[in-house]
Amino acid sequence: MLLAIDLGNTNTVFGVYDASDKLVMHWRLSTQKERTVDEYGILLRNLFDLEKIDAKKIRRVIIASVVPPLDSVLNEMVSGYFSVKPTFVTHANAGIPILYDDPREVGADRIVNAVAVIHKYGKPAIVVDFGTATTFDAITAAGEYRGGVIAPGIVISAEALYEHAAKLPRIEIQRPAKVIGTSTVASMQSGLFYGYVALVDGILTRMKKELGANTRVIGTGGQAPFIAPETRLIETVDANLTLDGLRLVASRLAGR
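Residues numbered from 1 in each chain as written. Predicted model: local features only at pLDDT ≥ 70, side-chain atom pairs only at ≥ 80, totals over all residues. Heavy atoms only, no water.

Novice: Explain the pattern of salt bridges to me, please; I cannot follow it from the model alone.
Specialist: What the rule picks out here adds up to ten salt bridges. Among the salt bridges present, the one from Arg247 reaches Asp21, with a minimum N-O distance of 3.8 Å. Remark: Asp21 occurs in the loop between β2 (11-17) and β3 (23-30) and Arg247 occurs in helix α7 (residues 241-253); sequence separation between them is 226 residues. Ionic pairing is found between Glu230 and Arg175, a salt bridge with its closest N-O pair at 2.8 Å. Remark: Arg175 occurs in the loop between α4 (154-164) and α5 (184-211) and Glu230 occurs in the loop between α6 (224-227) and β10 (236-237); sequence separation between them is 55 residues. (Salt bridge = Lys/Arg side-chain N within 4 Å of Asp/Glu carboxyl O. Helix = DSSP H or I, 4+ residues; strand = E, 2+ residues; numbered from the N terminus.)

Novice: Just to check I follow, could you spell out the nonpolar core for this structure?
Specialist: With 29 residues, the main nonpolar core has Ile62, Val89, Ile96 and Leu246 as its most contacted residues. Each residue touching Ile62, except ones within four places of it in the same chain, is listed here: Leu2, Leu3, Ala4, Ile5, Thr87, Val89, Leu246, Val249 and Ala250. Listed in part, the 25 residues of the second largest apolar core include Trp27, Tyr40, Leu44 and Val73. (Core = buried A, V, L, I, M, F, W, Y, C linked by side-chain atoms within 4.5 Å. Buried < 20%, exposed > 50% of the residue type's maximum accessible area, 1.4 Å probe, protein only. Contact = heavy atoms within 4.5 Å.)

Novice: Would you mind going over the packing of aromatic side chains with me for this structure?
Specialist: The description of two aromatic rings rests on the distance between their centres and on the angle between their planes. In total, this model carries five aromatic pairs according to the counting rule given. Among the aromatic residues, ring-to-ring pairing joins Trp27, Phe48 and Phe82 into one connected group. Positioned above the aromatic ring of Tyr40 is the side chain of Arg35, whose terminal nitrogen or guanidinium carbon lies 5.5 Å from the ring centre. Sitting over the ring of Phe82, Arg45 keeps its end group 6.0 Å from the ring centre. (Phe/Tyr/Trp six-rings, centres within 6.5 Å; stacked < 30°, edge-to-face > 60°. Lys NZ or Arg CZ within 6 Å of the ring centre and 35° of its normal.)

What follows is the structure, encoded as structure tokens:
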């Protein structure tokens, strides 16, 4: 079995794949930089026990991390609690050409998303990942990672309004019933939600002009089910795209 770990700034997603490459279980937990090796290990083993998954059957572990301070913690946790040496995804081992000026700058999650979208949806393609930041990643018709766009996530945008405008409250982000708000909260919700939808479609329109009209657009990430349905250009939301990309990289490295 394979344990895939997507370590992000806000959430960490763990996924378990069986020998037939089927995703049998996954969990989304908050990323906490203060967690120790034992806290991560005990938490994960407890989750395995709840789902009656035998941790001893984990033979491979692959990690996409954008939180370097936690890399050593997860490395030690996996080695100690699963007796496996984990593989960390990099631009050098992902198996996809990276056209960035400096390939080392590309986040591992963005790289495995590109791997997954090529395999599952074809190319050219764009992946929109709604996380702490919202990233737009371009994959060429030749299957190369070309580059992309990074924008503040909608949650960060909402917090910025609250922190920097004295009279604006902290609000729950949700889709308002109408665009024109008749209260401060409704007006903020409208600006955040519909403004973000417009941002996404605007960037995608410009990217498709560079990549071609036949470019597929796939959404993923925690906020994707919330925002993507209101956009014009995101065709599909794939909640497990990053985990599937990790599985594909792990399989290639294992020679499968």
